[in-house]
Every structure is written in C-alpha cells, then in structure tokens.
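# Close look at the chain arrangement
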Protein chains: 2
Amino acid sequence: MDQELKNLLDEQNLDLLYEYISRFQPYDLAEMFIQFEHEDQLKWISMLPIPLGAEILEYVEPELQYRILDRINTDTASSLLNEMSSDKVVDLLLAIHPHQAEKLMKFLPPDYREKISTLMTFSPDSAGSLATVEYIAARNSWTVDQALQHVRKVGHEAEIVSYIYVLDTHGKLAGIVSLKDIILAKPDTQLEEIMKEDVVTVPAEMDQQEVAYILSNYDLYAIPVVTSDNRMIGIITVDDLIDVIHEEATEDFQKLGGSQPLEEPYFKNSIWGLFRKRIGWLLILFVAEAYTGNVLRHFEDTLSEVVTLAFFIPLLIGTGGNSGTQTVTTLVRALAMGEVKFKDIFKVMRKEVSTGVFLGLCMGIVALIRAEFLGVGFDVGTVVAVTAIFIVVWASLVAAVLPLILHKLKIDPAVVSGPFIATLVDGTGLIIYFTMAKLMLNL
Amino acid sequence: MDQELKNLLDEQNLDLLYEYISRFQPYDLAEMFIQFEHEDQLKWISMLPIPLGAEILEYVEPELQYRILDRINTDTASSLLNEMSSDKVVDLLLAIHPHQAEKLMKFLPPDYREKISTLMTFSPDSAGSLATVEYIAARNSWTVDQALQHVRKVGHEAEIVSYIYVLDTHGKLAGIVSLKDIILAKPDTQLEEIMKEDVVTVPAEMDQQEVAYILSNYDLYAIPVVTSDNRMIGIITVDDLIDVIHEEATEDFQKLGGSQPLEEPYFKNSIWGLFRKRIGWLLILFVAEAYTGNVLRHFEDTLSEVVTLAFFIPLLIGTGGNSGTQTVTTLVRALAMGEVKFKDIFKVMRKEVSTGVFLGLCMGIVALIRAEFLGVGFDVGTVVAVTAIFIVVWASLVAAVLPLILHKLKIDPAVVSGPFIATLVDGTGLIIYFTMAKLMLNL
C-alpha cells in the first residue's frame, strides 16, 4: 500500500486525503483499494464521499463488496448500497448467500427493493440481468421545461442521462429524447413532438450476446429492456455490454482450444476447476483418436512391409490438422461476427476447397522434397506428396462445412475446436495415406 | 429490393417515402441500401434528408461511398460529406485513390479540410486514426449559460454531446463537464468550478487496442485524444472502439488458428488472399514437423522390432497436441485480457503442471485400457500409459511458458497457435515415447 495514502488514512486527515485521491480515477482507486489490508479497506471506504465510495465498490468482486458492507456501520453501508447502480446490486445479491442477500436487502427502501427483486429473477446471461433501473423516464405530455426540471431532480442518481425515455399514459415506452434535443428545443415544446418513436429495444429474455450484437450494429450507448407489452424494465449501458463482448470472445477462444469455457478469470480457477473444464474434451478426443490405432492395425501388413511409411505419419496428419484448424477458426469467428451464414455453405465450400487445392499442391511439393532428403526412395516420396494434397483439401472441406452445419442445427459452432478437427482428420488422413500407398506401391 | 420502397422511389413521392423509412433505423436502411441496384442507390440517397443520408453512408464500405459521392450532384455530395463524422471521412479518403481523395477534399471548407488532413497522417491502428473532431469544446471562463448557448449553436454537428471539453486560455484541455452537470448547475457558474480536471486522455500514437483496454476499464463513453502538450486532436467514441475490440479478437482468433489475420471480412478475401495468409504458417509448421521423420528414423530399429508401437503414434502425439492447445488458448486470452502477467510465470507453471499431472494420470489409465483392447500386450500398454502421462504434462508446461515468454519479449503471444504447440509437442512426444519404449521393453 502506498505509504503516503497509508499516512493520510492513519492521520484521518480528510482534506489531504480528498486532495490526494482527486488525482486518480475511480477505477485506479479501486485497483489500489483491492491491495489494502481488509481493516484499511473498511476505514477507507467509510471516509470517502458516498458517490465515490459506491463507484469504487462497483469495481470490486461481490465477495469483497459484501465483506465490506457487512462490517462498516449500517448507515454508511445503506447509503453505499443505495448509491450503487442497480445492475451491480443485483450481481452482488445473486453472488452471495441468500441469507446475506436478505440482510443487505433491508438497506433498500421497499419500492427499490421490489425493482431489484424483479431484476434478480432474470437468468444470468439474459438482457434482464444486465439492466439497470437508473434511467430517466418522462411522460409524453410533458414540456421540455418540465423534463429539464425533472432531470435536475432525479439526474443525480441516473447512470446515463444522455437519453430520456418517454412513456405514454399507459406507462409504455413511446419514444426517446436525447438531452441534446431537449436543450436545442424551445421550453414549451411537448416531448411527444421531438421524441424519436422508433426505439431499438430488447426483450428481457434475449441472450446477452445478441444484445451486444444489436448494440454494436446500431452504434448505441444504451438500449432499453422491455416487457412483451413494451413496459420498461431498465436500460443496458454500453460499458456493461463491452464486458459481455469480452466474455463471449473469451468463451469462444477456450472452446476453440478444445476446453469448456472458464467462467472466472484465469487465476480464480483452481487446479481441480481447470481439470474439470479440460478432461471432458480430452477424453472424447482420446476416444475419437483411438480409432487411428484400428486404422493402423488394419494396415499392419503394409506398414511392416514398408516401415518407412511410418516416418511420415505425424507429418501428414499434422499438416491436415494445421490446415483444418486454420479454416475452422476463421469460419467459427466469421459465424460469430455474422459475416457468414448457413445459406453461404456452397460459396464457403468452393472458396475453401479451391484454397485447399493450392495449399495442398504447395505442401505436396515440399513433402516430395522432404521425402527425398530422408532418403526413402521416390516411390514412397510420391505417395507422401499425393497424400499431402488430398489431406489438405479434405481437412479444409471438413473444417469449412462442419461449423456451418452445427450453426444451422443451433449448436454453438465453437465446439468444432482445432483439436476436434485435428482428431477427425488424423484417422481419415491415415486411411487416405495407406490407401494411396497400397494403390501406388502395389502392396 | 422491397417492392413498396421501389414504387415509392419510382413515384418520387417524398412524403410517403419519408413515412416509410421513418419506421427503420439508419443501420437497417443501410442494410437495404446495399442490396439496391446502383442507379437506385443514387436516386435514393439524393432524396433523403442529408443527416439521414450521411448516417446511412457511414455504414457502407468506402468504395461504395465514393462511387455514390462521385456520381450524384455535387451540392448533395458536398453536404453529405460535410455531414459525415470526421473519422468516417478519414477512413473514406484513406481507402480510395489519392486522386479521388483530392477530388472529394474540394467539397470540404478549408479549415475542416486542414483538420481532416491532420487526422489522415496518423497510422491506421493508432488512436489518432479513430478520432473524430465533432466534439464540443468550451472555454474554462465561460459560464454554464454561455456553454448552453454554445451547445445550442454547435450541438447539431457534434457526434456526442454528453460531454463538453473545457479548454484553458492556451487552448489546452483543462477538464470535462457533462451535459448533466451543466443542467444541474446554476446558469452563472463558471465551467472551471464544476469541471472534472483529471481527464483520462490518450496520445494520438497509442495503439488502438490499448485505447480499447483503457476505455473498457474506465467505463467511458468517449475518450479525448491529445497531443504531447495536451491539445485536443479529437475524441474517440465507444462505438468505434467496440469495432476495434471485435477486430482485435478476430485477429487473435485467426492467429491462434495458425493463420495470419485476415484484414477484411471473410467473403472479401479472395482465394489467393486466403492462400497467402495460410501458406506461411503451414510451411513453417511443415518444416518443424518434418523432424518427426528424423526422430522416427532414429528409432527405426525399435519400430521394426515392435511395429505395434506405431499404432499409438497418432494417439499419443494427438493427445499432447490437444492438451497443449487447451492450455495455450486459455493463456493467450488471459494475457490479452490482462489477467495474467509475466511475473506470474511460476504461479502459472505450478498450476498448469499440477493440472497436467492429473489430466495425464487419467489419460494414462484410459491409454492402458485402450492398449488392452487393441490386444498389443501389457508391456506395450504400460509404455503407452506412462508416455501419455509425460506427454500431457510436457505439453501443458510448454504451452504455459511459451506465451508468457513471448509476451515478455514484446512478441504477440498469439503466434503460439494451437497448431504451433501441437507441432512442437509431436516431435518431442515421439522422443519421450520411444525412449520409454527402449527403457521399459529393454530394446
């Protein structure tokens, strides 16, 4: 812990402390805060102005949030909790034990408690779970001047005030007005006249990944979450969706690497946790790979006759795996980004097979040279070269088609990982290899 | 093309057309627009209100932007170009031929042209290249009322008006004020009194990935880009950074798949383009993999004596590759997200090796069972099982350490792709396998 800060804390010199912390952003203060001894954390959070304290708390993990709110005096704890944005409060309450959550709920006024309870009912990866209720709503019949007065009254608590959500007389979302439009309009204009009626909204059940997709396509800063009859549940702000975008990309990475996605940052996973996420696919792939043994036993006679054929097994199946992995990662990502769709399957096949033919020809030539250097004779060399061509084309084709089919079947295409394709191509590649050998070497 | 829209276009019925399009978001209109015949695109864009036309244009590719601006009447083209946000204008001018860019530049007033020229000098992946000059600046001595009048005057053109950037008398960035703060403050308050002085800024040369990292950590909606003496070049808005986040994740995906990153969406790449991005790594990996041939030739006697050992080659090296790929993808992503740093290397090694030991033990047992089923005898089975354990641990270790070392050496850790690790583990795995065989079978 920073010595200067430590001294300021010990001296309880508020003026100097405030001056010191005013040099940092809340995020930076949170980073320092995490490093503190727990006793210092308690002391410090109690000395800070409530809005800043709440913002810092929002950056730390729910467990630490709870340990702090539970141990500081209840007035401060209550103020901090009420100041935190509602999506963060929901995250906290869902992460801790229900008994502990109940305890914290008592800090909230009844109507807010009810809103929080509603938000807590949405499933963890849905739009509803990301929504915050700190938005500004206004009535369509209000004038610009009334709206401004309202902003002055409630604006302090809102998470985002660039937009004001306009509700009709039934409380349904009728349109949005930007703060800019309000400032540019005459004071007696009715909101109805200047509001934008076609609002992009999402239902509470929508998957968070889809929400992120919509938000980034439409270049929005916030998106309202609504019920089926267009009543507002809350808004999702872009900063929360950036976290979703990161999360989803991380998940796809891990899946493509042949592991189940980790739900927590790397170091939060125990050895046992990592083990569990990895063993499943390792075993499945092992069993799938095991049939390469059968293929080889099937060709045992060929292999015994020309042991040199074995020299090229890792090289050929490795090349197939590499080529397949290149194609599959490109396509899985293209699917995730919406660049490729199932209807493009023939276009994709044509592209990948054509590319595969050229890549295969190159690899075939290099394989021939390599065989020459290993001194295995021109015959075996030719077999290896021709096999290389076929394996690359075959791997490209399989890797191009499988993700698209899975996507069509509503299965996450990222399960077709690099290791998966490599395994698939290993056995089939060996069949190609030994069939070629038998045909070309007359075995 | 939508028949209703087509009719409205042909009838030149502006009222009905406006009513029809008011039901859609600009992004949706852009999606339709792209599908039009070129003649219809020209007709349509000329009929739209300029601000909407400009927004739609911003969503389409630079080549199409140019083909449209070049063919419609110059007044409309000039208005559209001036209405587009400056970062998009820069993207357009950099994407087309310099002669064409010069032609378009003539549509811009001299002072704006100068700003655009400055923005064009920044390298494509830098903060400067993403900056837009459509922000609102105010003087620190202005009152809230003056600031509001200024917003009313220039706010129409600004890309984001949630924040006003406050400059001191030397024109340097002194602080920011949110529109909310302005509305909440008394009209005669000076901006100086309410502005937040510690602004998170980025230099124009900063890499866009780092900017995205800062913006998502600090939960900002926009970030000012400044010169070394704190003069504002422009602002970067969060929507542009979401594109960067997607781009960078896509690049990492493709690198991890053992391909050079594609710079364009999938279908924009020709077969030749895909070929070039893939052939490099395929060849490097092929050459690296080729030494497995030497390893096998070195152990040719052992292999001839016990041909059944060959049955397990693909299985064992495949398992090593799978296990290594799991670890490497997890760590490359954790490095990219800042969850793991070089100083954690021993912690990571301990974690991965421990996990590897447990995974290896499991795989060893399964390998023993598999060997039993293939009927190769208990001796060979034991060799396979012990090798499986060592290979998994070895692959985990290599895959854990390499990305961290590369990161430390300032080389992008994503070059350690799945195929790279698999290749590395193939040869070394074979050495482990045959050494075990020689030792345990007394060959």
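Because the structure is predicted, anything quoted here is derived from the model rather than measured. Along each chain, residues carry numbers from 1 onward, in the same order as the chain's sequence is written. Labels follow written order: the first chain is A, the first ligand is 1, and so on. Reporting of local features is limited, given that this is a predicted model, to residues whose pLDDT is at least 70; pairs of side-chain atoms are given and counted only at 80 or more, and all residues count toward the totals for whole chains, interfaces and linings. Note: side-chain values were computed over all heavy atoms of the structure, leaving out hydrogens and water.

A run of DSSP states H or I qualifies as a helix once it reaches four residues; a run of E qualifies as a strand once it reaches two. Both are numbered from the N-terminal end. Of the regular secondary structure elements, chain A holds 22 helices and six strands. Just to be clear, the radius of gyration here is over C-alpha atoms, and the globule rule we use is 2.2 Å times residues to the power 0.38. Over its C-alpha atoms chain A spans a radius of gyration of 30 Å, topping by over 25% the 22 Å that the globule rule assigns to 443 residues. Projecting the C-alpha coordinates of chain A onto the three principal axes gives extents of approximately 90 × 55 × 40 Å. Categorising residues by exposure relies on relative accessible area from a 1.4 Å probe, with only protein chains included: less than 20% of the type maximum marks a residue as buried, more than 50% marks it as exposed, and the intermediate range marks it as partly exposed. Counting every position in chain A, which comprises 443 residues, the buried fraction comes to 57%. By definition in these notes, contact holds between two residues if any of their heavy atoms fall within 4.5 Å. In chain A, of all internal contacts separated by at least 6 residues, the share reaching a separation of at least 24 is 66%.

Moving on, we get to the interface of chain B and chain A. It is common to report an interface's size as the accessible area lost on association of the parts. At the interface, 113 residues of chain B touch 113 residues of chain A. Accessible-area loss on putting two parts together, using a 1.4 Å probe and summing over both, is the definition of buried area adopted here. Taken over both partners, the interface formed by chain B and chain A buries close to 10700 Å², and the fraction arising from carbon and sulfur atoms is 68%. The term salt bridge refers to a side-chain nitrogen of Lys or Arg lying within 4 Å of a carboxyl oxygen of Asp or Glu. Where chain B packs against chain A, one counts two salt bridges. For B:Glu352, the salt bridge goes to A:Arg278, with nearest N and O atoms at 2.7 Å. Definition of a polar contact: a pair of N or O atoms within 3.5 Å, with one able to donate and the other able to accept a hydrogen when the atoms are protein atoms, and with sequence-neighbouring residues admitted only if both atoms are side-chain atoms. On the surface where chain B and chain A come into contact, there are 35 residue pairs in polar contact (both at pLDDT 80 or more). Here the side of chain B that touches chain A gets 18 residues from one element, more than from any other, and that element is helix H17 (residues 271-298) of chain B. The nonpolar class holds Ala, Val, Leu, Ile, Met, Phe, Trp, Tyr, Cys and Pro. Asp, Glu, Lys and Arg form the charged class, and all remaining residues, Gly among them, are polar. Here the side of chain B that touches chain A is built from residues that sort into 59 nonpolar, 33 polar and 21 charged.

Turning our attention to the packing of helix H22 (residues 418-441) of chain A against helix H20 (residues 313-336) of chain B. Lines fitted to C-alpha atoms define the axes here, with helix axes fitted over just the stretch in contact, and angles between the N-to-C directions of these axes take values from 0 to 180 degrees. Viewed as axis vectors pointing N to C, H22(A) and H20(B) meet at an angle of 165°, and their least axial separation amounts to 10 Å. One way to sum up the angle between H22(A) and H20(B) is to call them roughly antiparallel. As for how H22(A) packs across H20(B), the hand of that crossing is right-handed. Facing A:Pro419, A:Thr423, A:Asp426 and A:Leu430 of H22(A), the residues of H20(B) in contact are B:Pro314, B:Asn322 and B:Thr325. Broken down by class, the residue content of the contact of H22(A) with H20(B) amounts to three nonpolar, three polar and one charged. For this classification, under 35 degrees means roughly parallel, over 145 means roughly antiparallel, 65 to 115 means roughly perpendicular, and everything else is oblique. Two helices cross in a left-handed way if the nearer one is turned anticlockwise from the farther one by less than a right angle. They cross in a right-handed way if the turn is clockwise.

All names here are of chain B. Along the polypeptide, Ser228 turns up in the loop between strand E5 (222-226) and strand E6 (232-237). Judged by relative accessible area, which is 84%, Ser228 ranks as exposed. Distance from Ser228 to Leu283, taken between C-alpha atoms, is 44 Å for residues 55 residues apart in sequence.

As annotated, the domain borders come from an automatic or database domain assignment. Examined at the domain level, chain A breaks down into domain 1 (3-120), domain 2 (135-237) and domain 3 (271-441). Domain 1 of chain A and domain 2 of chain A are separated by 29 Å when their C-alpha centres are compared.

UniProt positions are given in the numbering used here, feature names are shortened, and annotations may be inferred rather than shown by experiment. UniProt annotation of "domain: CBS" (unreviewed entry) refers to residues 131-193 and 195-251 of chain A when read in the numbering used here. Here residues 195-251 of chain A is 44% helix and 23% strand, with 39 Å between the C-alpha atoms at its ends.

This part is about the side chain of A:Gln25. Relative to the helices and strands, A:Gln25 resides in the loop between helix H2 (14-21) and helix H3 (26-35). With sequence-adjacent residues up to four places away left out, A:Gln25 is seen in contact with B:Lys196, B:Asp198, B:Val199, B:Val200 and B:Tyr218.

Looking now at empty space enclosed by the protein. Empty space among the atoms becomes visible once a probe the size of a water molecule is rolled across them. Grid points spaced at 1 Å over the protein atoms alone were grouped into cavities, where a 1.4 Å probe fits but cannot get out, and pockets, open sets with protein on both sides within 12 Å along at least five of seven lines, with lining residues defined by an atom within 4 Å of a point. Grid points are joined across faces, edges and corners, and a volume is the space filled by probe spheres set on the points. Applying the stated criterion to the full structure yields two cavities of 30 Å³ or more. A volume near 230 Å³ is recorded for the largest cavity. Residue lining of the largest cavity: 22 residues in total, with A:Gly321, A:Ala422, A:Asp426, B:Gly321 and B:Ala422 positioned closest to the centre. Elements with a contribution of two residues or more to the lining of the largest cavity: helix H19 (313-336) and H22 of chain A together with H20 and helix H23 (418-441) of chain B.

Residues and elements named next belong to chain A. In this scheme, strands are said to pair when DSSP sees at least two bridges between them. Across the sheet, which stays open at both edges, the three strands sit in the order E4-E5-E6 with mixed pairing between neighbours. Lying at the two open borders of the sheet, with one neighbouring strand each, are strand E4 (202-203) and strand E6 (232-237). Strand direction decides the pairing type here: strand E5 (residues 222-226) and E6, joined by five bridges, are antiparallel. The residue bridging Ala222 from the neighbouring strand is Thr237, located in E6. Helix H15 (residues 208-218) rests against E4, E5 and E6 of the sheet, and its axis sits at about 135° to E5.

Attention shifts here to a negative patch on the surface. All names here are of chain A. The grouping of Asp145, Asp188, Glu192, Glu193, Glu197 and Asp198 at the surface amounts to a negative patch. Note that Asp188 resides in the loop between helix H13 (179-184) and helix H14 (191-194). According to the relative accessible area criterion, Asp188 is exposed, its value standing at 60%. Patch members must show over 30% relative accessible area and no salt bridge, and they are joined within 9 Å when carrying like charges or within 5 Å when they are nonpolar side chains of Val, Leu, Ile, Met, Phe, Trp or Tyr. Only the protein chains shown count as covering a residue, and every accessible area follows the Shrake-Rupley method with a 1.4 Å probe. The charge count treats Lys and Arg as positive and Asp and Glu as negative. His and the chain ends do not count. Throughout, a charge is located at the NZ atom of Lys, the CZ atom of Arg, the CG atom of Asp or the CD atom of Glu.

Attention now goes to the environment of B:Ile245. Along the polypeptide, B:Ile245 turns up in helix H16 (residues 238-256). C-alpha separation for the pair B:Ile245 and B:Ile21, spaced 224 residues apart in sequence, amounts to 31 Å. Each residue touching B:Ile245, except ones within four places of it in the same chain, is listed here: A:Ile242, A:Ile245, A:His246 and B:Ala212.

Another point: the relation of the copies chain B and chain A. To superpose the copies, least squares is applied to the C-alpha atoms of every residue with a pLDDT of at least 70 in both. Once chain B is rotated about the relating axis by 180° and shifted along it by 0.0 Å, it coincides with chain A to within an RMSD of 0.1 Å. Such a combination of turn and shift is consistent with a two-fold rotation axis. Identified as the residue of chain B closest to the rotation axis by C-alpha distance is B:Ser162, at 2.9 Å. Both copies present the same face, since 100% of the interface residues in chain B are matched by interface residues at the equivalent positions in chain A.

We now examine the sheet that holds strand E2 (residues 163-167) of chain B. All names here are of chain B. Taken in spatial order, the three strands of this open sheet run E1-E2-E3, and their pairing is mixed. The open sheet has two edge strands with one neighbour each: strand E1 (136-139) and strand E3 (173-178). The mean inter-strand angle of the sheet, taken between neighbouring strand axes irrespective of direction, is 35°. As defined by bridge partners, E1 adjoins E2 across four bridges and the pair is classed as parallel. Counterpart to Ile136 in the pairing with E2 is Ile164.

This next bit is on the packing of aromatic side chains. Here the distance between the centres and the angle between the planes together describe a pair of aromatic rings. Think of it this way: a Phe, Tyr or Trp ring, Trp meaning its six-membered ring, pairs with another when their centres are within 6.5 Å, and the plane angle makes it stacked under 30 degrees, edge-to-face over 60, tilted otherwise. Tallied over the entire structure, the rule returns 26 aromatic pairs over all chains. When the ring of A:Tyr27 is compared with that of A:Tyr59, the centres are 5.4 Å apart and the planes differ by 75°; the resulting orientation is edge-to-face. With A:Tyr27 in helix H3 and A:Tyr59 in the loop between helix H5 (50-58) and helix H6 (62-71), this residue pair connects regions lying 32 residues apart in the sequence. When the ring of B:Trp272 is compared with that of B:Phe275, the centres are 5.5 Å apart and the planes differ by 20°; the resulting orientation is stacked.

All names here are of chain B. Inspection of the secondary structure puts Pro403 in helix H22 (residues 378-408). For the pair Pro403 and Phe378, spaced 25 residues apart in sequence, the C-alpha separation works out to 38 Å. If near-sequence neighbours (up to four positions away) are discounted, Pro403 is found in contact with Val328, Val332, Leu335, Val398, Pro413 and Val416.

Under the UniProt annotation, the feature "transmembrane region" (unreviewed entry) is placed at residues 279-299, 311-332, 353-371, 383-406 and 418-436 of chain A. The span residues 383-406 of chain A shows a helical share of 100% and a strand share of 0%, and its end C-alpha atoms are spaced 34 Å apart.

All names here are of chain A. For the structure shown, the criterion picks out 18 salt bridges over all chains. A salt bridge links Lys88 to Asp240; its shortest N-O distance comes to 3.3 Å. Residue Lys88 is found in helix H8 (residues 86-95), and its partner Asp240 is found in helix H16 (residues 238-256); the two are separated by 152 residues along the sequence. Each of the two residues, Lys88 as well as Asp240, counts as buried. Via salt bridges that share partners, Asp87, Lys88 and Asp240 belong to a single interconnected network.

Moving on to the nonpolar core. Formed by 135 residues in total, the largest nonpolar core has its most connected members in A:Phe33, A:Trp44, B:Ile21, B:Trp44, B:Leu81 and B:Leu104. Leave out the neighbours within four places in its chain, and B:Leu104 touches B:Tyr66, B:Leu69, B:Leu81, B:Leu92, B:Leu93 and B:Ile96. As used in this record, nonpolar core signifies buried Ala, Val, Leu, Ile, Met, Phe, Trp, Tyr and Cys residues forming a set joined through side-chain atoms within 4.5 Å. Grouped together as the second largest cluster of nonpolar side chains are 100 residues, A:Leu282, A:Leu303, A:Val416 and B:Val384 included.

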